[in-house]
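Per-entry structural report
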Amino acid sequence: MIKKIVLLFTILVLASCSSSKPAVATTKKTTVQKPRVATTKKPTYSKPAVKNYPSTNNTTEVIQSTSKTVVTSDLINNYILQFKDIAMGNMKTYGIPASIILAQGILESGAGKGDLALEANNHFGIKCHKDWLGESVRHDDDSAQECFRKYPEAAESYRDHALFLVGKNRYATLFTYEKDDYKSWAKGLRAAGYATDPNYPDKLISYIERYNLHQYDCQVTGKNYTPISKTTASPTKNTTPVKSSNSNSNDPNLYEVQQGDTLYSISKKFNLLVEDLKQKNNLTDNAISIGQRLKVK
């Protein structure tokens, strides 16, 4: 009996010793994850495809005045929309047909894209003359580095064009014509010496009829306007490229005038003075025409 008690006591002691040992905690190393940073790729935006809508008869032509300018009919139409109100205002104030004003602006400035228009806001190719006190630029025309008027803005060029015609005695005959008689005005400008190009009137009339500029005359006068058929309005004579070749190549003493030629450009080509060239050909002024044959030697 005593043995059983001792055995039981021994078991209890051993059990209490094993339970008093500190428990060793085995913790698994935890991995601390860094906060996730969202990386977004910059989206690539592609430009929307531009559709080229075909324009109605958007033809290209070369305007030759104080500089050679390549223009389209759309560009000319935009030019007209930009300056038609100024032209009609000048017609009311000074009596010059709006159609003539716009046609001259188109021709002389290359629809606003010619050298003088871009550099000097000069839309009518007006030279300095003795009475000009404003700014000026130098530009090759009938002679080298001629003096042309410079304006702070295009509207000033339009105003000065009107004052120029009104203030010069040689243009007095123009104001005897009807305000809306653009054909007489076109021919009268050439006769009064505004331009040396013999085709100048035809070019002005062509622009007036192709782009229906006469409608702005009618808006001022109050008359009814009848649009001109596009088939009857002929293009200007310088819209078809002309090959730069001398058709009379067998005679080296003669040169056939090509599109864009002036006496000055021809004189430079053959190392002549303009006055010598005029004397050789019995010319009294600087007017020459395409196809004309000039003595150059």
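Given the structure is predicted, the values throughout are model-derived calculations rather than measurements. (Residues numbered from 1 in each chain as written. Predicted model: local features only at pLDDT ≥ 70, side-chain atom pairs only at ≥ 80, totals over all residues. Heavy atoms only, no water.)

**With respect to the pattern of salt bridges**
Summed over the entire model, instances satisfying the criterion amount to 11 salt bridges. With its nearest N and O atoms 3.0 Å apart, the salt bridge here joins Glu61 to Arg210. Of this pair, Glu61 sits in strand E1 (residues 60–64) while Arg210 is found in helix H7 (residues 200–210), placing the two residues 149 residues apart along the sequence. Overall, the relative accessible area of 4% leaves Glu61 in the buried class. Judged by relative accessible area, Arg210 falls into the buried class, the value being 13%. In this structure, Glu209 engages Lys183 in a salt bridge whose closest nitrogen and oxygen atoms are separated by 3.9 Å. Of this pair, Glu209 sits in helix H7 while Lys183 is found in helix H6 (residues 182–191), placing the two residues 26 residues apart along the sequence. (Salt bridge = Lys/Arg side-chain N within 4 Å of Asp/Glu carboxyl O. Helix = DSSP H or I, 4+ residues; strand = E, 2+ residues; numbered from the N terminus. Buried < 20%, exposed > 50% of the residue type's maximum accessible area, 1.4 Å probe, protein only.)

**Here we look at the state of the cysteines**
Evaluated as defined, the whole model comprises 1 disulfide. Paired by a disulfide, Cys128 and Cys147 hold their sulfur atoms 1.9 Å apart. On the sign convention where negative is left-handed, the bridge of Cys128 and Cys147, at about -65 degrees about the S-S bond, is left-handed. Linking Cys128 in the loop between helix H4 (115–120) and strand E3 (136–139) with Cys147 in strand E4 (residues 146–149), this pair joins segments that are 19 residues apart in sequence. One exposure class covers both Cys128 and Cys147, and it is buried. (Disulfide = S-S within 2.5 Å.)

**So, the packing of helix H3 (residues 98–109) against H6**
In the contact formed by H3 and H6, the axes pass within 9 Å of each other and the chain directions differ by 45 degrees. Looking at the two axes, H3 sits oblique to H6. In terms of crossing hand, the pair formed by H3 and H6 is right-handed. Every residue of H6 that contacts H3 at Ser99, Ile100 and Gln104 is listed here: Tyr182, Trp185, Ala186 and Leu189. In the contact of H3 with H6, the residues fall into 5 nonpolar, 2 polar and no charged. (Axes fitted to C-alpha atoms, helices over the stretch in contact; angles between N-to-C directions. Parallel < 35°, antiparallel > 145°, perpendicular 65-115°, else oblique. Left-handed = near helix turned anticlockwise from the far one by under 90°. Contact = heavy atoms within 4.5 Å. Nonpolar A, V, L, I, M, F, W, Y, C, P; charged D, E, K, R; others polar.)

**Details of unusual backbone geometry**
Backbone geometry at Ala111 places phi at a positive 55 degrees, although glycine is not the residue there. Inspection of the secondary structure assignment puts Ala111 in the loop between H3 and H4.

**Considerations on the environment of Lys127**
By the secondary structure assignment, Lys127 is in the loop between H4 and E3. Spatially, the C-alpha atom of Lys127 lies 9.2 Å from that of Lys150, the residues being 23 residues apart in sequence. Polar side-chain contacts of Lys127 include one of 2.9 Å to the side chain of Glu146. (Polar contact = N/O pair within 3.5 Å; in protein donor to acceptor, adjacent residues only side chain to side chain.)

**Notes on the environment of Val296**
Looking at the secondary structure, you find Val296 in the segment after strand E6 (293–295). The residues touching Val296, leaving out its near neighbours within four places in the chain, are Pro252, Asn253, Leu254, Tyr255, Ile266, Phe270, Leu272, Leu277 and Lys280.

**What about the confidence of the model for the protein chain?**
Summary statistics for the protein chain give a mean pLDDT of 78 and a share of 72% for residues scoring 70 or more. Low pLDDT (under 50) marks residues 21–30, which in the prediction has 0 contacts with non-local residues, meaning those over four places away or in another chain. Confidence drops under pLDDT 50 across residues 34–56; counting only partners more than four residues distant or on other chains, this segment forms 1 contact. (pLDDT = per-residue confidence, 0-100.)

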